[in-house]
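These are the residues of each chain, in order.
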Amino acid sequence: MAGQFIVGVANVIALLLGFVFLVRFWGLSKLKRAASMGFPKENCVNKNGNGEGESESEGVGTAEIIIVGAGVAGAALAYSLGKDGRRVRVIERDLNAPNRIAGEALMPGGYLKLIELGLEDCLDEIDAQRFLGYTLNKDGKEALISFPLEKIHSHVVGRTFHNGRFVQTLRKKVASLHNVSLEQGTVISLLEENGIVKGVHYKDKSGQLLTAYAPLTIVCDGCFSNLRHSLCHSKVDIPSYFVGFILTNCKLPKEKYGVFILADPSPILFYPISSTEIRCLVDVPSQNLPSVSNGEMAHYLKTLVAPKVLPELYNSFISAIEKKDNIRIMPNKIMAGAPHLTPGAFLIGDAFNMRHAITGGGMTVALSDVVILRDLLRPLHDLSDASAICKYLESFYTLRKPMSSTINTLANVLHKVFSAPSDPAMENLQQTLLGYLKLGGVFSSGVSALLSGLCPRPLSLAFHFIVMAIYGVGQLLLPFPSPKRLLDGAKLLWVASSVLLPIIHSEGVRQMFFPLTVPAYYRTPSKGKKI
């Protein structure tokens, strides 16, 4: 009976939202037609703004675009722009293989973006593992989250791997292009003249201070960016840390599926990163982070976390903790994308926008951003008019919202719900999510489509959240309402709203749900306007 009630409500909500979807897609197709227009060549503007052209000695060198950072976003962008014929200069702090416990999972939606960029072969020889979804476990109950891949080509699945191996293959592709230079150096600051960024100051491998010039500088130097403060509102929140280590000599319960355990005090995540290794990530609140050096972390993992681990993984879990130097810690950073429009400079990737890493959606957002920026830059034949280009590229911040806001909101909401098991209302939300996924059909596949990046639609996210809340309240009121059950239902709605609404606010209600009302949505290349 409750299931029929939920289905009925879901259909009503779907009809109400359908019109909004149609209008939104119409607007997007209109924008794509406008973006296909050419951008005519214009005179370069010199330092004094008199429009007579600028020599290399005054500012602009042989590169059209400088990219700061050659991680996933920077390397993918450099390759895609290089393939389009751009002269690109990439400056990366360290060209050795990164050794991180982040960026190890690429969702199917991100893999589609990798294909769109022509970089799917970067996963061929790094022992990347096919990844089909998660099993969600809580108190002995289990729900399966399978990515909805039935209507997609068989080779399109999620992938998990060593981050360093993936980044190095991306850099190798970049280095193969004759019009893209890749060098090691540490960018100290942006070079700004009269409010326009002209390039960067950086130190090369030998420590010599140098200056590089280009009409456009794109900063994508990662979550520890030292340049973001001048290009965006850089308020960073660290709600928790991931404690990570590698398990060997064990297998996950379901092949090609990760394991997500909702436990008190910490959610626990397992997924393969090679044919012989499984990554374990334990989410630990920032205020309760034990020390690794004095053994407190090992004690915490053994006494509080290990008892919640699945029996088939327990022995390997304990062995991994006892292995010397196996425990690594990574901050989970959250930062809403709030740009300062700066002529001559642009910011993307984790340097610009971060979400909690619990859903592994960061690379999907980054690659989606690269595709959007590449497509926006394609019609621009001349990058010298920094102010006009800055105004035109403002559309990027609205165009990226479908993917970024969907994955950001889902990740940040799920972390809040998963990391507060001692709160009765949060406990009810966890049970609601588990039950909702067990309904199967459109309910389970809808959530997994959002999680996988295959359904980058904020309205779909809102739809499932509303229906899930109705389902949760219905479960609390059954078999018949009572004052206590009514109060519990009201608390669930209140807590769910208090979790979701602030996150939506930080993403921007207008940009998420009403992009057609944002003037920048319709920006097209300038037609010869001079500064």
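What you are looking at is a predicted structure, and each value in this text was computed from that prediction instead of being measured.

Caption draft 1: Looking closely at the overall build of the chain. Each helix and strand in the chain was counted, giving 15 helices and 17 strands. In the form shown here, the chain has an accessible surface area of approximately 23,000 Å², with 56% of it arising from carbon and sulfur atoms.

Caption draft 2: The arrangement of the nonpolar core in detail. Within the largest apolar cluster, 74 residues are counted, with the highest numbers of intra-cluster contacts made by Ile-67, Phe-166 and Ile-218. If you tally residues by element for this core, the top one is helix α7 (residues 362-377), at 9 residues. In this structure Ile-218 touches Ile-65, Ile-66, Ile-67, Val-68, Leu-77, Leu-81, Phe-346, Ile-348, Leu-373 and Leu-377, once residues within four positions along its chain are discounted. Counting residues in each nonpolar core, the second largest holds 58 residues, with Leu-414, Val-467, Val-499 and Leu-500 among its members.

Caption draft 3: Layout of helix α10 (residues 401-418). In this model, α10 (18 residues) spans 25 Å end to end at C-alpha, consistent with the 26 Å of a helix rising 1.5 Å per residue. Within α10, 17 of the 18 residues are buried, which leaves the element mostly enclosed by the surrounding structure.

Caption draft 4: Quick peek at the packing of aromatic side chains. Evaluation of the coordinates by the stated rule reveals 14 aromatic pairs. When the ring of Phe-161 is compared with that of Phe-166, the centres are 4.8 Å apart and the planes differ by 45°; the resulting orientation is tilted. Phe-166 shares its class with Phe-161; the two are buried. Judged by centre distance (5.5 Å) and plane angle (25°), the rings of Phe-346 and Tyr-397 are stacked. One end of the pair, Phe-346, is in strand β17 (residues 345-347); the other, Tyr-397, is in helix α9 (residues 396-399), with 51 residues separating them in the sequence. Across the pair, exposure class does not vary: Phe-346 and Tyr-397 are buried alike. Here a set of aromatic residues connected by ring pairs shows up, and it is made of Phe-131, Tyr-134, Phe-147, Phe-260 and Phe-418. Cation over ring: Lys-254 sits above Tyr-257, and NZ or CZ is 5.1 Å from the ring centre. The ring of Phe-480 has Arg-485 sitting right over it, with the charged end atom 5.2 Å from the ring centre.

Caption draft 5: The pattern of salt bridges, seen in detail. Within the structure shown, the criterion is met by 19 salt bridges. The closest approach of N and O atoms between Glu-322 and Lys-302, which form a salt bridge, is 3.2 Å. Remark: Lys-302 occurs in helix α5 (residues 296-305) and Glu-322 occurs in helix α6 (residues 311-322); sequence separation between them is 20 residues. Accessibility expressed as a relative area gives 33% for Lys-302, which makes it partly exposed. When the shortest N-O distance is used, the salt bridge between Glu-394 and Arg-523 registers 2.6 Å. Here Arg-523 lies in the segment after α15 (509-513) and Glu-394 lies in the loop between α8 (386-392) and α9, a separation of 129 residues in the sequence.

Caption draft 6: Geometry of the packing of α10 against helix α11 (residues 424-438). Axis separation between α10 and α11 bottoms out at 8 Å; the angle between their running directions is 120°. In this view, α10 runs oblique relative to α11, as classed from their interaxial angle. Here Leu-414, Lys-416, Val-417 and Phe-418 of α10 come into contact with α11, specifically with Met-426, Leu-429, Gln-430 and Leu-433. Across the contact of α10 with α11, the residue classes break down as 6 nonpolar, 1 polar and 1 charged.

About the thresholds
- Sequence positions are assigned chain by chain, starting from 1 and proceeding in written order.
- The predicted origin of the model limits local features to residues at a pLDDT of at least 70 and limits the giving and counting of side-chain atom pairs to 80 or more, whereas totals for whole chains, interfaces and linings rest on all residues.
- In computing side-chain properties, one takes all heavy atoms of the structure into account and sets aside hydrogens as well as water.
- Each helix corresponds to a stretch of at least 4 residues labelled H or I by DSSP, and each strand to a stretch of at least 2 residues labelled E; elements are numbered beginning at the N terminus.
- Computed by Shrake-Rupley with a 1.4 Å probe, the accessible areas treat only the displayed protein chains as cover when residues are assessed.
- Here, the term nonpolar core denotes a set of buried Ala, Val, Leu, Ile, Met, Phe, Trp, Tyr and Cys residues that are joined through side-chain atoms within 4.5 Å.
- The classification of residues rests on relative accessible area computed with a 1.4 Å probe and restricted to protein chains. Under 20% of the type maximum is buried, over 50% is exposed, and intermediate values are partly exposed.
- Residues are treated as being in contact if the distance between any of their heavy atoms lies within 4.5 Å.
- Residue count minus one, scaled by 1.5 Å, sets the expected span of a helix.
- Two aromatic rings from Phe, Tyr or Trp, using only the six-membered ring of Trp, form a pair when their centres are within 6.5 Å; if the ring planes differ by under 30 degrees the pair is stacked, by over 60 it is edge-to-face, and anything between is tilted.
- Comment: the charge-over-ring label is applied if NZ (Lys) or CZ (Arg) is within 6 Å of the ring centre and within 35 degrees of the ring normal.
- Any carboxyl oxygen of Asp or Glu within 4 Å of a side-chain nitrogen of Lys or Arg constitutes a salt bridge here.
- For helices, the fitted axis covers only the stretch in contact; all axes are lines through C-alpha atoms, and the angles between them, taken along N-to-C directions, range from 0 to 180 degrees.
- Should an angle fall under 35 degrees it is called roughly parallel, over 145 degrees roughly antiparallel, and 65 to 115 degrees roughly perpendicular, with every other angle called oblique.
- Classification used: nonpolar for Ala, Val, Leu, Ile, Met, Phe, Trp, Tyr, Cys and Pro, charged for Asp, Glu, Lys and Arg, polar for all others including Gly.

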